[in-house]
Amino acid sequence: MSEKSLDRSSNEEMQKHYEDLRKLYKPPSKIRLFIYDLILWAFCVVFDCFFREIRSRGGFKVPKKDAVIFVAAPHANQFVDPIILMSQIKKASNRRISCLIAEKSHRRKFIGLVSRSQLAIPVKRAQDNLQTRKGLIRLDQNDELHIIGSNTQFLKDCQSKGLIALPNSLASGVIEKVVSDTEIYLKKPLRYSSPKNEARAQKVLVEGTPFKAADKIDQSEVYAQVFEHLAHGYCIGVFSEGGSHDRPDLLPLKAGVAVMALGAMDSTPGLNVKIVPVGMNYFHAHKFRSRALVEFGDPIEIGDDLLRMYSNSSTTSNAVKILLDEITKGVKSVTLSCPDFESLSVVQAGRRLYANNFSSQLSLATRVEMNRRLLNGYLHFKDDPKVVKLKDDILRYNENLKSMKIPDHLVGNTEVKSKFLVLSELLLAGLQVAVLGLLALPGIILFSPVFIATKRISEVKRREALAGSTVKIKGNDVIATWKILVAMGFAPILYTAYSLIGIKVVHLYYPNVSRLFAFSIFYALSVTLTYSALIFGDKGMDLFKESRSAWLLLTDKNGFNNLKNQRDRLSVEITSLINEYGPQIYPDFNLLEYEKNLQIKKALKDKRKREQFEKLQSGLTEEEQLEEIKTQELRQRRLQRKMERKMGDDDNKKIDKKFVITQNTSILQDDHSSNELSSTSLSDSELSSSESDFSNSSSAKYKTLNMIKDQMIRENRERDNSN
């Protein structure tokens, strides 16, 4: 977004301009809200087919009232991310959000239709307006901010705070000052799209290269619309990195999100805007049947002091910077941001191999938390000789996995058996795959044109997106989007074609059958067959992939055994190293307890609500109910102490022999005897006794008691008045 809006002008003409723009705002009608819900529901059905699992975490943190700006990152799945974000917010708080979308995308026929139905707000971007300009440019070798032109017209073709870029999206930068027709100074050094392109860009910048430029963008209309939308108590969704990408780390967040929050509160006295950071966490984001977790962070409140700083033109930019830094910290707390793919592969291997694939026993939310903690630990100790050696061993193991074309989890889960047993299991798996394949075959054949179209079109779009971006690495961030969009467009057409063919065939033999009835039957049959292909094909592919280990045991048993031994050694080393270094960063790093606490929190929350409702509905007097509450609290404290003593004695009994919790560090260790956790369950009394671990502060507790008391007083007064 343009940085022009970062400096709040006190000029009356500018204020009047904003007011005129805000008068054009129209709140969404009930019909538009209905269309929003309908289209969102339709997309959720499609996404449930594409993704194996979509979950949210921390949904209780989403404010149920007041204006809210949701800042989501990383933006790893182009148009998929906003739909997932909207659906999870609707589930968590029953609120609708308007996402900001690039005007270039908003102008597309289908994307624009969907974005308008979802109340999206279009935003102009300078990179979408880049045009080739006259002359050649080169970079001053003594000053990386100094651009020198040859036969150029910088005074005519470029603007301060505009954009300058190299061909083929090699690099781009923001212009700070246009000195003359042949001299420009940049605000920051050029940003290169990749290390490979950086070398190419630096080479052409020495020799001289053509260039593109775009004028600065006036975003006053966008800001006015956002301010008014927030002033009406609605929500905004922002992917503040500026565009989708497939990098392992976060891009710098744009300052526009801070301006939106501060500007809206400044222009509408009494408005309270909250900012909620959201982490979009994927496991193989662009792949079919992958998983997604949306994590909501703690809402960020904007204090009066910061608002006063923004209102003062001399400290406006400082206020924006302070808030942006706080937003960035909030976003990083709910995302996994690696500096490079090598670090990401090390962290993921560490998660898989820790305690011999312990993470497979954890929920999706806890696995994301485990990744985040392992990353922080790796970045903190990455220069330690032990960590450097372990990293090299992990990368070597990953290369061996690739060479043998087998995933890690199969190496860990496969037991070395006799060839007869392996052959029997392989034949059984082959039979199951054959049966599932036959069941899925009709749907696969019917849907094959869509499969082919989605693959080819998404690949074309990937190459186009990669060519037009300076931040993408492979362009994988657009693949899932176009697979879903193409399938949504082609599937109905294909079903209609099959239904029309079915009508003609039926009409030849049964001319009296209603054409509408026949069309409906064939259309429903086509949908059913393709959905069954999804279900059976999913199971069949899982079985087929798992049979890879059995095949290796038959054809290369020694190689597989060596790989398995290598994995076992790595697992011991990783577990030992995490147990040694983990407590230095996370003294409470006990993932088994972390997982259990998540379940207990949810159970306690539901239990407290039920108990409070029952107390309010009971026929006890006010004094009796308050006395009962105090008695229950005393019982809970006693049971809590009893349970703590019991858990101290029985910690090792709650985990299978494979896992032992060290008493000093609470880090899980592994003796490689098994990989299954014993199940644990808590009685109602134990749940009650654990409540003090997760209850609110004492002030919140007495606030709840006072609410109950006030409710009973009101009910007594109503009864007295009625009598």
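Note that the structure is a prediction, hence the values are computed from the model and not measured.

Caption draft 1: Seen up close, the nonpolar core. Residues Ile69, Leu262, Ile275, Leu323 and Ile327 are the most contacted members of the largest nonpolar core, which totals 38 residues. Sorting elements by how many residues they give to this core places helix α9 (residues 256-267) first, with eight residues. Not counting residues up to four positions away in its chain, the partners in contact with Leu262 are Ile302, Leu306, Leu307, Tyr310, Ala319, Val320 and Leu323. Residues Tyr378, Leu401, Leu552 and Leu577 belong to the second largest nonpolar core, which totals 36 residues.

Caption draft 2: Layout of the sheet that holds strand β4 (residues 121-123). Taken together, seven strands build an open sheet; the order of strands is β1-β15-β14-β2-β13-β3-β4 and the sheet is mixed. Bordering the open sheet on either side are β1 (53-57) and β4, each of which pairs with just one other strand. Looking at each pair of strands side by side, their axes are set apart by 25 degrees on average, direction ignored. Across five bridges, the pairing between β1 and strand β15 (residues 291-296) is parallel. What sits directly across from Glu53, in β15, is Arg291. Sitting on the sheet, helix α8 (residues 220-231) is in contact with β2 (67-73), β3 (97-102), β4 and β13 (235-238), with an inclination near 155 degrees to β4.

Caption draft 3: Molecular detail of helix α14 (residues 385-404). With 20 residues, α14 should reach 28 Å at 1.5 Å per residue; the first-to-last C-alpha distance of 29 Å fits that figure. Residue Asp384 occupies the N-cap position of α14, its side-chain oxygen lying 2.9 Å from the main-chain nitrogen of Lys386. In the segment just after α14, Lys405 is the residue with positive phi, at about 55 degrees.

Caption draft 4: How the structure looks around the pattern of salt bridges. Counting across every chain of the model gives 19 salt bridges. Note that Glu295 and Arg372 form a salt bridge whose closest N and O atoms lie 2.9 Å from each other. Within this pair, whereas Glu295 is found in strand β15, its partner Arg372 is found in helix α13 (residues 364-381), the two being separated by 77 residues in sequence. Taken as a pair, Glu295 and Arg372 share a single burial class, namely buried. Linking Asp325 and Lys321 is a salt bridge whose minimum nitrogen-to-oxygen distance equals 3.2 Å.

Caption draft 5: Summary view of the UniProt feature "transmembrane region" (unreviewed entry) in the protein chain. In the numbering used here, UniProt assigns the feature "transmembrane region" (unreviewed entry) to residues 426-453, 484-510 and 516-536. Summarising residues 426-453: 100% helix, 0% strand, and an end-to-end C-alpha distance of 34 Å. With 96% helix and 0% strand, the stretch residues 484-510 has end C-alpha atoms that lie 37 Å from each other.

Caption draft 6: Just α8, in detail. Helix length check: α8 (12 residues) gives 16 Å between terminal C-alpha atoms against 16 Å at 1.5 Å per residue, within 8%. In terms of burial, α8 is a largely internal element, nine of the 12 residues being buried. Following α8 by one or two positions, Gly233 has its phi on the positive side, about 85 degrees.

Caption draft 7: Structural view of empty space enclosed by the protein. A complete count under the given rule lists four cavities of 30 Å³ or more for this structure. When its volume is computed, the largest cavity comes out at roughly 340 Å³. The set of elements that each furnish at least two residues to the lining of the largest cavity consists of α12 (341-353), α13, α14 and α19 (557-585). Per-element tally for the lining of the largest cavity: the top contributor is α19, with six residues. When grouped by side-chain class, the residues that make up the lining of the largest cavity number 15 nonpolar, three polar and two charged.

Caption draft 8: A look at the side chain of Lys564. Of note, Lys564 is situated in helix α19. Of the side chains bearing the opposite charge, Asp568 lies closest to the buried Lys564, which forms no salt bridge; the N-O distance is 5.1 Å. Polar side-chain contacts of Lys564 include one of 3.0 Å to the backbone oxygen of Val411.

Caption draft 9: View of the packing of helix α17 (residues 479-509) against helix α18 (residues 515-555). Where α17 contacts α18, the two axes come as close as 8 Å, and the packing angle between them is 130 degrees. The pairing of α17 with α18 is recorded here as oblique in orientation. Read as a crossing pair, α17 and α18 show a hand that is right-handed. Contacts between α17 and α18 involve Pro492, Tyr495, Thr496, Tyr498, Ser499, Leu500, Gly502, Ile503, Val506 and His507 on the former and, on the latter, Arg515, Ala518, Phe519, Phe522, Tyr523, Ser526, Val527 and Thr530. Across the contact of α17 with α18, the residue classes tally to 11 nonpolar, six polar and one charged.

Caption draft 10: The arrangement of the confidence of the model for the protein chain in detail. Taken as a whole, the protein chain shows an average pLDDT of 78; of its residues, 77% reach a score of 70 or greater. Low pLDDT, under 50, characterises residues 1-11; the stretch is placed with 30 contacts to residues that sit more than four places away or in other chains. Within the model, the stretch residues 650-709 combines pLDDT values under 50 with 116 contacts to residues more than four positions away or in other chains.

Caption draft 11: Region of the structure containing the packing of aromatic side chains. Here the structure, examined in full by the defined rule, presents 13 aromatic pairs. Centroid distance Phe50 to Phe51: 5.1 Å. Interplanar angle 75 degrees. Geometry classified as edge-to-face. You can call Phe51 buried: its relative accessible area is 1%. Each ring, one from Phe154 and one from Phe211, has its centre 5.8 Å from the other, and the planes form 75 degrees; the classification is edge-to-face. One end of the pair, Phe154, is in helix α6 (residues 154-157); the other, Phe211, is in the loop between α7 (195-207) and β12 (212-214), with 57 residues separating them in the sequence. A relative accessible area of 0% means that Phe154 is categorised as buried. Taking the relative accessible area as the measure of exposure, Phe211 reaches 1% and is therefore buried. By the ring-pair criterion, three or more aromatic residues cluster together here, those being Phe43, Phe47, Phe50, Phe51, Tyr282 and Phe288.

Caption draft 12: A look at the side chain of Thr454. Inspection of the secondary structure assignment puts Thr454 in helix α16 (residues 419-467). Engagement of the side chain of Thr454 in a polar contact is seen with the backbone oxygen of Phe451, the distance being 2.8 Å. If we ignore the near neighbours within four places in the chain, the residues touching Thr454 are Lys483, Val486 and Ala487.

Caption draft 13: Examining the pairing of β13 more closely. Here β13 shows no split at all, with Cys235 and Gly237 on one side and Ile236 and Val238 on the other all buried. Pairing of β2 with β13, which is carried by four bridges, proceeds in the parallel orientation. Bridge pairing links Val68 to Cys235 in β13. In the sheet, β3 pairs with β13 via three bridges, with the strands oriented parallel. Directly across from Ser98, in β13, lies its bridge partner Ile236.

Caption draft 14: Representation of the packing of α16 against α18. The N-to-C vectors of α16 and α18 enclose an angle of 155 degrees; their axes lie 7 Å apart at closest approach. In terms of orientation, α16 lies roughly antiparallel with respect to α18. Of the two possible hands of crossing, α16 and α18 adopt the one that is left-handed. Looking at the contact of α16 with α18 residue by residue, the classes come out as 20 nonpolar, seven polar and two charged.

Caption draft 15: Inspection of a nonpolar patch on the surface at higher detail. Where nonpolar side chains cluster on the molecular surface, the patch consists of Ile501, Val505, Leu508, Tyr509, Tyr510, Val513, Phe517 and Ile521 and spans about 900 Å² of accessible area. Where the nonpolar patch is concerned, the elements lending two or more residues are α17 and α18. When residues in the nonpolar patch are grouped by element, the largest group, four residues, is from α17.

The rules behind the values
Residues numbered from 1 in each chain as written. Predicted model: local features only at pLDDT ≥ 70, side-chain atom pairs only at ≥ 80, totals over all residues. Heavy atoms only, no water. Core = buried A, V, L, I, M, F, W, Y, C linked by side-chain atoms within 4.5 Å. Buried < 20%, exposed > 50% of the residue type's maximum accessible area, 1.4 Å probe, protein only. Helix = DSSP H or I, 4+ residues; strand = E, 2+ residues; numbered from the N terminus. Contact = heavy atoms within 4.5 Å. Pairing = 2+ DSSP bridges. Axes fitted to C-alpha atoms, helices over the stretch in contact; angles between N-to-C directions. Expected span 1.5 Å × (residues − 1). Polar contact = N/O pair within 3.5 Å; in protein donor to acceptor, adjacent residues only side chain to side chain. Salt bridge = Lys/Arg side-chain N within 4 Å of Asp/Glu carboxyl O. UniProt positions renumbered as here; feature names shortened; annotations may be inferred. 1 Å grid on protein atoms, 1.4 Å probe; cavity = no way out; pocket = protein on both sides within 12 Å on 5 of 7 lines; lining within 4 Å. Points joined across faces, edges and corners; volume = space filled by probe spheres on them. Nonpolar A, V, L, I, M, F, W, Y, C, P; charged D, E, K, R; others polar. Lys, Arg positive; Asp, Glu negative; His and termini not counted. Parallel < 35°, antiparallel > 145°, perpendicular 65-115°, else oblique. Left-handed = near helix turned anticlockwise from the far one by under 90°. pLDDT = per-residue confidence, 0-100. Phe/Tyr/Trp six-rings, centres within 6.5 Å; stacked < 30°, edge-to-face > 60°. Patch = residues over 30% accessible without salt bridge, like charges linked within 9 Å, V, L, I, M, F, W, Y side chains within 5 Å. Areas by Shrake-Rupley, 256 points an atom, 1.4 Å probe, with all protein chains shown as cover.

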